[in-house]
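Here's the letter readout for the chains.
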Amino acid sequence: VVIAGPSRRVFEDKFTFDGVITERVNLREHVVWCQPPNEEDTQMLAEDYLRMGITKASKYQDRAKFEEEISKGILVIGGGTTGLSAAMGAAKAGYGVYLVEKEAELGGWATKFPKVFTGEPPYDVIQESPIRETAREVEAHDKIKVFKASRIYKISGSPGMFDAVIRPDGPWVEAVNKKQDGWRAAQLAREAKAAGKEQAASSSEEEAAAGGWGVGEQEELDFDHEMVRVGAVILAAGWRPDNPAQFEHLGYGKYPDVITNVQMEELAASGTIKRPSNGAPVSSVAFIDCADESAEHPFLFSSYVPNLVTLKQAGYVRESNPDSRAYLFYDDMRTPGQYEKYYQTMQNDPGVFLSKGKVVSVSNDSDQLTVELKNTLLGERLGVKVDLVVLSTGMIPVTKDSAVVNLKYRQGPFLPENPYGFNDSHFICFPYETQRTGIYTAGCVRQPMDFMQCRIDGAGAALKAIQCVELTAQGKAVHPRAGDESYPELFLQRCTQCKRCTDECPFGMYDEKPDGTPLPNPTRCRRCGICMGSCPERIISFRDYSVDIVGSMIKSLHVPDEYEEKPRVICFICENDAYPAVDMAGINGRQYSPFIRFIPLRCLGTINLVWIADALSKGIDGIMLIGCKYGDDYQCHFVKGSELAEYRMGKISETLQRLVLEPERIEVHQLAIDEYENIPKLVDAFLETLGEFDPNPYKGF
Amino acid sequence: MANAFIAEPDLQFTKDLIRAGATDLKKCYQCATCSVACRISPDNNPYPRKEMIWAQWGIKDRLLNDPDVWLCHQCNDCSTQCPRGAYPGDVLKAVRKLNIEQSCWPSFLGKLVGEPSLFVLAMGIPVVIVLLLTYFSNGFNFSGPTPVSYPGFIAYLPIQIIYSLALLFAVVSIRVSLKNYWNKLEAHNPVDVQSPRKGFIPSFIEALQEILPHTTFKDCEANNIRYAAHLMVFWGMIGLLVTTAIVAFNLDILHKLPPSRYGFLWVPIKILGNVSAVAFVLGLLIMLVRRLTVPDEAGNSSYFDWFFLFIICGTGFTGLLLELLRFAGSTSGTYFVYMVHLMFILSLFLYLPFSKFAHLGYRTVAITWGKSVGRNMTIPVKPNYVPPAPTEPEPAGEEATEGAA
């Protein structure tokens, strides 16, 4: 059934029929609302969209969805605040949970903190840490199996079919980490080399193959271990304090009364806060929550959490003695949301002294320490004499030191990371996602968080894991194409073992057979189609999305001959951001050239060069590609799709030269979902550019 | 760094400020809206922002020797515009209270006046003195001679002696207190200005030139009603002082009866007295009503404010009532109110150097000091001020002057 009406983004429920192949042609937003009525060009536009829709529907291949026997168990790595919350959430929802904790006891950092911000109304006090109670509940729960003093030896498989080997903690950890680090270093070196020397394409491919992690590796598990099969993994491995050696210039290590905020928690937990140097009670404390002037990023891993911790510890000091003084020096005081209430409580305490500032020095003259600052709120250099100096430390995700999950994936044992060591995903829209489907990060391993946020985050990750196992059990994709039943199938007889698909898949879907052919793991797949675009042999296809389907859609277009002066432009758009933007342009009645034909792609990264050749040889005058923003703050749902598209278009000049066409006939743009205003401008400007050239000489061939 | 200021916060001082009415001072986050909002704050080192952080940090030395707290005329614009609800106006007011309390001599009277729990004692002293006077004059016989003759009700000589002594005490005390304060200003504010300092007398004259017409007060355009009310009270009080002085001069030196005896209402001295009294009472009423009805605009009122208002309103209202009762022919009523009026007058004299009344002196001193060092120069900011177009430049902004109470 082809339905010609409103955008496929609306009335999805009304136009979905069980067992019926349905294709929707967007005549409303893309034609009626953005073109003048009763015009020949408007009519031609609508007809072209219908032709493409009908072609697409007729090319649909009826293939079965992927079905395997899968496990709905959930593995939680890390038994701290986040891990306990995730385990409890999943178990309460009825899912079996394996909880792995490296320490001998559950609870993590929160057991070491006397008080935490639990986030209960009226949000202006800190409470005793309830973590031990939570840990007892988790251990007593019959759906949770707890492994203490254990770590993950390796995880293989894919969502619904993960096999995790849990091994008691021991010296083996060092060896595994070392091996992984070695692999990563080699991988980085290879990438750097590949980036530096493009001409050595074939040899770098060989090297990439050599870099496949654990390809064809067989291993005897001849040690004490337990293998569990789970459907999804929650990584809540947490954080460690940043190395305090970097604070030497602030007297750390030199004066015993200069300590980190983690040590301060320990002091407070011991009952009374005493000076480490002489055991005398502490009556004044300077909290340094600000960078010294020379350092560029000394508190890179700070975020709002150290601010809150500082306020909390000022509370410890003030509670211990009504005449005590707590000086808080900061670069920024970040207390978002309800934390503001606690900040206000502390600010209103007459014994709490706040000032922005940069530390100049910490020195000790007489019995006390003198902290000197500049750029203070007092408008001058300021010094205070204190008994104790507490330095905020950054929170480093433990994944910076070790892979923790130890994946047996061809793309390596690690979760892909951003430059700061946090796992990299689409940070705007998908906070829990990693680039390894079915593995969700939560808590401080994902970003610095406080106790309250960790608990919320753990529960959120549990929901993600549950969605994953349920959708996988139904043979459907997970976020962001949740519910998609199609998956890539490979016609391996024609595979040339070029490994582009295994390299380019942002989600590590393909493992590798010893002969170099890709080994798909369909439940890892997010159905973006980037592999389809990468394959030079065009052997990868989905049942409703393939090189052939899109190519046929292009060929179905009616291209008027050159004497009619009706140019034709094809615009490939990402259906996640650019497509809704085009819809919005229609909703807002923006008019643009009727000569453009939008073809939505699952991701711009699925663009296959053959489509460009098809279009140009059909007589299409110009081709636009509109994808998501990329770079450090990328907005691509599939991480690097639009970047790959740009990269591939960089290599199109060869095709154009063969066809004797101007390179300006192809343009690539980045567009955010809210930039619909730009669409008419982009389209009309492109048509203006094309107006400078003759019509495509291939018209009518 | 040798030049770093070593802060040693005085926790108790901050608590005292909070108790003196600056309840929200810790809420300030130094956005400086207050200093921008203030129309009379100098461009260089403007208040009240710096006073806010000093108050939060309990930097007592600076606050108690800061002339700027007196340059503020409490229009309350800063408090209404404060995004954090820290009420900078209230903070400066509390600093002024502690300023008086800490600079006054003898200092125990400062504590007596400033401490709410000692109200009964503070008011009890003048009440008991006047009651004793009344008792020994007439044994609380309010029928007295008719027509009304005050010396016939309470013996004149003791009043002369006691009130003269009280006034003398007030004058000496405020003189000592203000000298203290001037010395503190000199000692704690190293003057760093290009031009040489002006002498005391020219500075004082300059200060008077703006205090008498309330020119700076008028610049606080956020609160024009208060300017008018304060002007009425100020000049009403001066008028009443002049009237009293003339009458006392006539009585005590020339031994003549008050001139009203001879010309009822229309003698000049009577006109001066009545016009002054009406202005005084009307101004007070306006301030009182505004404090009670629109505290947001008029500012939050502390005990220190109420104590002063109580005495000055008591004086004004009983004075006017006294005249009205006398004309109405109520002899005993007149005598009773006369007695109460005497109590208020005595407390006014006694507590002049210690109550908020002392702002008369402190503000004058601060403004004079400011004039002498060139501190209080500001460019007046007009509401809805539009910078002149480059083609037709307006004359340079006139120099605003500072006024005081």
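1. Details of the packing of helix α12 (residues 200-211) of chain B against helix α20 (residues 359-373) of chain B
Residue and element names in this part refer to chain B.
And then number 1: For the pair α12 and α20, the least separation of the axes is 8 Å and the interaxial angle reads 120°. In terms of orientation, α12 and α20 fall into the oblique class. Two packed elements cross with a definite hand, and for α12 against α20 that hand is right-handed. Within the contact between the two elements, α12 uses F200, S203, F204, E206, A207, E210 and I211 and α20 uses T364, I367, T368, K371 and S372.
And then number 2: When grouped by side-chain class, the residues that make up the contact of α12 with α20 number five nonpolar, four polar and three charged.

2. Describing the packing of aromatic side chains
Residue and element names in this part refer to chain B.
And then number 1: Per the stated rule, a full pass over the model turns up 41 aromatic pairs over all chains.
And then number 2: The interplanar angle of 10° and the centroid separation of 5.8 Å between the aromatic rings of F200 and F204 together place this pair among those described as stacked. Taken together, the residues span about one helical turn, with F200 and F204 both in helix α12 at a distance of four residues.
And then number 3: Look at F204 and you get partly exposed, because its relative accessible area is 30%.
And then number 4: Judged by centre distance (5.9 Å) and plane angle (55°), the rings of F307 and Y351 are tilted. Highlighted residues: F307 in helix α18 (residues 303-328) and Y351 in helix α19 (residues 331-351), separated in sequence by 44 residues.

3. So, the pattern of salt bridges
Two side chains that carry opposite charge are able to pair once their charged atoms sit near each other.
Residue and element names in this part refer to chain A.
And then number 1: On inspection of all chains with the given rule, the structure shows 62 salt bridges over all chains.
And then number 2: E29 is paired through a salt bridge with R28; the nearest N and O atoms lie 2.9 Å apart.
And then number 3: R63 is the salt-bridge partner of E489, the closest N and O atoms lying 2.9 Å from each other. Here E489 is found in strand β23 (residues 489-490), whereas its partner R63 is found in the loop between α2 (40-58) and β3 (74-77), with 426 residues between them in sequence.
And then number 4: E489 sits in the partly exposed class, given a relative accessible area of 28%.

4. A look at the confidence of the model for chain A
Low pLDDT means the predicted atomic positions in that stretch should not be read closely.
And then number 1: Residues of chain A with pLDDT of at least 70 account for 96%, and the chain-wide mean is 90.
And then number 2: Confidence over residues 198-210 of chain A falls short of pLDDT 50; this stretch has ten contacts with residues more than four positions distant or in other chains.

5. Considerations on the interface of chain B and chain A
And then number 1: Taken together, the contacts link 24 residues of chain B with 30 residues of chain A.
And then number 2: Counting each side, the surface lost to burial between chain B and chain A is near 2200 Å², with a carbon and sulfur contribution of 58%.
And then number 3: Contact with chain A buries area across many residues of chain B, yet L11(B), K26(B) and W57(B) alone supply 31% of it, more than any other trio.
And then number 4: Applying the counting criterion to the chain B and chain A interface returns two salt bridges.
And then number 5: Between R84(B) and E340(A) there is a salt bridge, with its nearest N and O atoms 2.9 Å apart.
And then number 6: Inspection of the region where chain B meets chain A yields 13 residue pairs in polar contact (both at pLDDT 80 or more).

6. So, a negative patch on the surface
Residue and element names in this part refer to chain A.
And then number 1: Taken together, the side chains of D561, E562, E564 and D694 define an acidic patch exposed on the protein surface.
And then number 2: Structurally, E564 can be placed in the loop between α13 (547-556) and β27 (569-574).
And then number 3: You can call E564 partly exposed: its relative accessible area is 36%.

7. Details of helix α15 (residues 609-618) of chain A
And then number 1: With respect to burial, α15(A) is a largely interior element, seven of its ten residues being buried.
And then number 2: Along α15(A), the positions that sit buried rather than exposed are V610(A), W611(A), I612(A), A613(A), D614(A), A615(A) and L616(A).

8. A word on the sheet that holds strand β13 (residues 258-260) of chain A
Residue and element names in this part refer to chain A.
And then number 1: Ordered by their spatial adjacency, five strands build an open sheet running β13-β20-β14-β15-β16, and the pairing between neighbours is parallel. Either end of the sheet is taken by a strand with one partner, and the two such strands are β13 and β16 (352-356). Within this sheet the neighbouring strands show an average axis-to-axis angle of 20°, counted without direction.
And then number 2: Pairing between β13 and strand β20 (residues 388-391): three bridges, direction parallel. Bridge assignment links T260 to a residue of β20, and that residue is L391.

Rules behind the numbers
- Residue indices follow the written sequence of each chain, beginning from 1 at its first position.
- Here chains are named by letter from A upward and ligands by number from 1 upward, in the order in which they appear as written.
- The predicted nature of this model means local features are confined to residues of pLDDT at least 70 and side-chain atom pairs, given and counted, to a pLDDT of 80 or more, with totals for whole chains, interfaces and linings taken over all residues.
- As a rule here, side-chain values come from all non-hydrogen atoms in the structure, and water together with hydrogens is ignored.
- Lines fitted to C-alpha atoms define the axes, with helix axes restricted to the stretch in contact, and inter-axis angles between N-to-C directions lie between 0 and 180 degrees.
- Here a strand is any run of E in DSSP of at least two residues, a helix any run of H or I of at least four, and the numbering for each starts at the N terminus.
- For classification purposes, angles smaller than 35 degrees are called roughly parallel, those larger than 145 roughly antiparallel, those between 65 and 115 roughly perpendicular, and all remaining angles oblique.
- Crossing chirality is assigned from the near helix's rotation relative to the far helix, an anticlockwise turn below a right angle marking it left-handed and a clockwise turn marking it right-handed.
- Whether two residues are in contact is decided by their heavy atoms, any of which lying within 4.5 Å being enough.
- Classification used: nonpolar for Ala, Val, Leu, Ile, Met, Phe, Trp, Tyr, Cys and Pro, charged for Asp, Glu, Lys and Arg, polar for all others including Gly.
- Pairing of aromatic rings covers Phe, Tyr and the six-membered ring of Trp, with a centre-to-centre limit of 6.5 Å; geometry is then stacked below 30 degrees between planes, edge-to-face above 60, and tilted otherwise.
- Relative accessibility thresholds used throughout: buried, under 20% of the residue-type maximum; exposed, over 50%; partly exposed, between the two (1.4 Å probe, protein chains only).
- Salt bridge, as used here, is a side-chain nitrogen of Lys or Arg placed within 4 Å of a carboxyl oxygen of Asp or Glu.
- Confidence per residue, as judged by the predictor, is encoded in pLDDT with a range of 0 to 100.
- Note: buried area is the sum, over both parts, of the accessible area (probe 1.4 Å) each one loses when the two are combined.
- For the purposes of these results, a polar contact is taken to be a pair of N or O atoms within 3.5 Å, where, inside protein, one atom must be able to donate a hydrogen and its partner to accept one; residues adjacent in sequence count only when each atom of the pair is a side-chain atom.
- For patches, a residue must show more than 30% relative accessible area and have no salt bridge; joins then use 9 Å for like charges and 5 Å for nonpolar side chains, namely Val, Leu, Ile, Met, Phe, Trp and Tyr.
- The accessible surface values rely on the Shrake-Rupley method and a 1.4 Å probe; as for residues, cover is taken only from the protein chains in view.
- When charges are tallied, Lys and Arg are placed among the positive residues and Asp and Glu among the negative ones, while His and the ends of the chain are skipped.
- By convention, charge coordinates are those of NZ in Lys, CZ in Arg, CG in Asp, or CD in Glu.
- Pairing between strands requires that DSSP locate at least two bridges from one strand to the other.

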